[in-house]
Amino acid sequence: MADATQGPSGLQIHPMDQFVVSPLFGGGEGDVAFYTITNVTLWMALAVLATLLLLVWGMRNRAIIPGRLQSMAELTYGFVYSMVEDVSGKEGIRYFPYIMTLFMFIIMANVLSLIPMSFATTSHIAVTAVLALAVFLAVTVLGFVLNGTKFFGLFWVASAPLILRPILAVIEVISYFVRPVSHSIRLAGNIMAGHAVLKVFAGFAGVLGIGSILPIVAITAIYALEVLVAVIQAYVFTILTCVYLKDALHPAH
Amino acid sequence: MEVAAAAALGKLIGAGLAAIGSGVAAIGIGHVAGNYLAGALRNPSAAASQTAMLFIGIAFAEALGIFAFLVSLLLMFAV
């Protein structure tokens, strides 16, 4: 990464430079301890603030005829609520607050990261891995607490022929433990790839002179796509959480 | 010295080859979305109730592309 193209015809900006974590108050790039306030901290705090702004400040009037902000808050709430109800079932509603928290944090972090010069917190696997591992651990513990040893029925496909079941059990166990990996890297990879593509096209715009209008048009189109991706990835992360929750509530195949 | 150079070369070639997996995942995602659309046009009244299944299907198809992407990343930055 350090020896990236820096020649006269190379890109002026490295597409991965935007993901560098650096302390806000003094210190160099690598000078980060677990308590250091970095740009990641700032933008995650802003995501929480945006969530509070929408859901607490937006609902302050509790009007019978909602305004624009209250409509947004109510629609978001209803959207996530019906998603949990549809995918996880009636028993899943108990865990709705956590899923709503996940959804709001991820969608706000994704959308805030689309502001030019901002920092994409969800592009870091460290951030999304914590979210995915929390879901994975919670769902596993919940499955064992609610179902006891019946939770192993998740791996024992009762509808398959008897000879196939041990083989399927191995595959099911592997796919179960791979869940947090794919769950976290899906979000991080999509956001990181999208932002890197934007920066690559920005690099083209920097070197093309008058012809830079073409990359700028492309950036505009990709940006629109990225807005879509930001929302869809938050939705996908949340709906997969609901699917995993359903598996924990009803482990039988 | 030549071994190190060959390793650096092979690492990047491997990363590029692993990136093919992302394209293959794209085929899978297109297949899911296309079949959803084909089904939705035949029975539009049932389409709305199956959008969740569409996204779950896309997510599972995408998961395997993500592993290819992960291998690519590991080869470039970790190995």
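These numbers come from a predicted model, not from an experiment. (Residues numbered from 1 in each chain as written. Chains lettered and ligands numbered in written order. Predicted model: local features only at pLDDT ≥ 70, side-chain atom pairs only at ≥ 80, totals over all residues.)

1. Focus: the overall build of chain A
The helix and strand tally for chain A stands at 6 helices and 0 strands. N-terminal to C-terminal, the α/β element order of chain A is α-α-α-α-α-α. Out of the 253 residues in chain A, the part that is buried amounts to 27%. (Helix = DSSP H or I, 4+ residues; strand = E, 2+ residues; numbered from the N terminus. Buried ≥ 20, exposed ≤ 12 C-beta atoms within 10 Å, placed from the backbone.)

2. Let's talk about the overall build of chain B
A tally of helices and strands in chain B yields 2 helices and 0 strands. In summary, chain B has a C-alpha radius of gyration of 18 Å against a globular reference of 12 Å for 79 residues, an excess of more than 25%. Along the three orthogonal principal directions, the C-alpha set of chain B runs to about 65 × 15 × 10 Å. Considering only intrachain contacts with a sequence separation of at least 6, the fraction spanning at least 24 residues in chain B is 86%. (Rg over C-alpha atoms; globule rule 2.2 N^0.38 Å. Contact = placed C-beta atoms within 7 Å.)

3. Comments concerning the interface of chain A and chain B
Each partner contributes to the interface: chain A provides 13 residues, whereas chain B provides 10 residues. Within the residue set of the side of chain A that touches chain B, elements represented by two or more residues are α2 (68-88), α5 (165-207) and α6 (213-249) of chain A. Examining the composition of the side of chain A that touches chain B, we find that 5 residues originate from one element, α6 of chain A, more than from any other. Residues belonging to the side of chain A that touches chain B are distributed by class as follows: 9 nonpolar, 2 polar and 2 charged. (Nonpolar A, V, L, I, M, F, W, Y, C, P; charged D, E, K, R; others polar.)

4. Some thoughts on the packing of helix α3 (residues 96-112) of chain A against α6 of chain A
Residue and element names in this part refer to chain A. Between α3 and α6, the least distance of the axes is 8 Å, while the angle of their chain directions is 160°. When the axis of α3 is compared with that of α6, the two are roughly antiparallel. In the packing of α3 onto α6, the handedness of the crossing is right-handed. Residues Ile99, Leu102, Phe103, Ile106, Ile107, Asn110 and Val111 of α3 pack against Ala230, Val231, Gln233, Ala234, Phe237, Thr238, Thr241 and Cys242 of α6. (Axes fitted to C-alpha atoms, helices over the stretch in contact; angles between N-to-C directions. Parallel < 35°, antiparallel > 145°, perpendicular 65-115°, else oblique. Left-handed = near helix turned anticlockwise from the far one by under 90°.)

5. Focus: the environment of His31 of chain B
Residues and elements named next belong to chain B. Within the fold, His31 resides in helix α1 (residues 2-42). Owing to 13 C-beta atoms within 10 Å, His31 belongs among the partly exposed residues under this scheme. Residues His31 and Ala5, spaced 26 residues apart in sequence, show a C-alpha to C-alpha distance of 40 Å.

6. Observations regarding the confidence of the model for chain B
Across chain B, the average pLDDT comes to 89, with 100% of residues at 70 or higher. Listed scores for the predicted complex are pTM 0.86 and ipTM 0.74. (pLDDT = per-residue confidence, 0-100.)

7. A short note on α3 of chain A
Each turn of an α-helix holds 3.6 residues, which means side chains three or four residues apart point in the same direction. Residues and elements named next belong to chain A. If you check α3, its first and last C-alpha atoms are 24 Å apart, about what 17 residues at 1.5 Å a residue would give, namely 24 Å. Those residues of α3 not exposed but buried are Ile99, Met100, Phe103, Met104, Phe105, Ile106, Ile107, Met108, Ala109, Asn110 and Leu112. The inward-facing, buried residues of α3 contact α1 (39-57), α2, α5 and α6. (Expected span 1.5 Å × (residues − 1).)

8. Description of unusual backbone geometry
With the exception of glycine, the majority of residues adopt a negative phi angle, and the majority of peptide bonds are in the trans configuration. Its identity is not glycine, yet Arg62 of chain A carries a phi of approximately 50°, on the positive side. Examined against the element boundaries, Arg62 of chain A turns out to sit in the loop between α1 and α2.

9. Comments concerning the confidence of the model for chain A
Residues and elements named next belong to chain A. In the predicted model, chain A carries a mean pLDDT of 88, and the fraction of residues at 70 or more is 94%. In the model of chain A, α5 stands out as the element of lowest mean pLDDT, 90, in contrast to α3, which has the highest, 95. Taken as a whole, residues 1-9 scores under 50 in pLDDT and shows 5 contacts with residues more than four places along the chain or in a different chain.

10. Notes on the packing of α1 of chain B against helix α2 (residues 51-78) of chain B
A pair of packed helices is captured by two measures, namely the crossing angle of their axes and the spacing between those axes. All names here are of chain B. Where α1 contacts α2, the two axes come as close as 7 Å, and the packing angle between them is 175°. By the angle class used here, α1 and α2 are roughly antiparallel. Here the contact of α1 with α2 is composed, by residue class, of 18 nonpolar, 7 polar and 2 charged.

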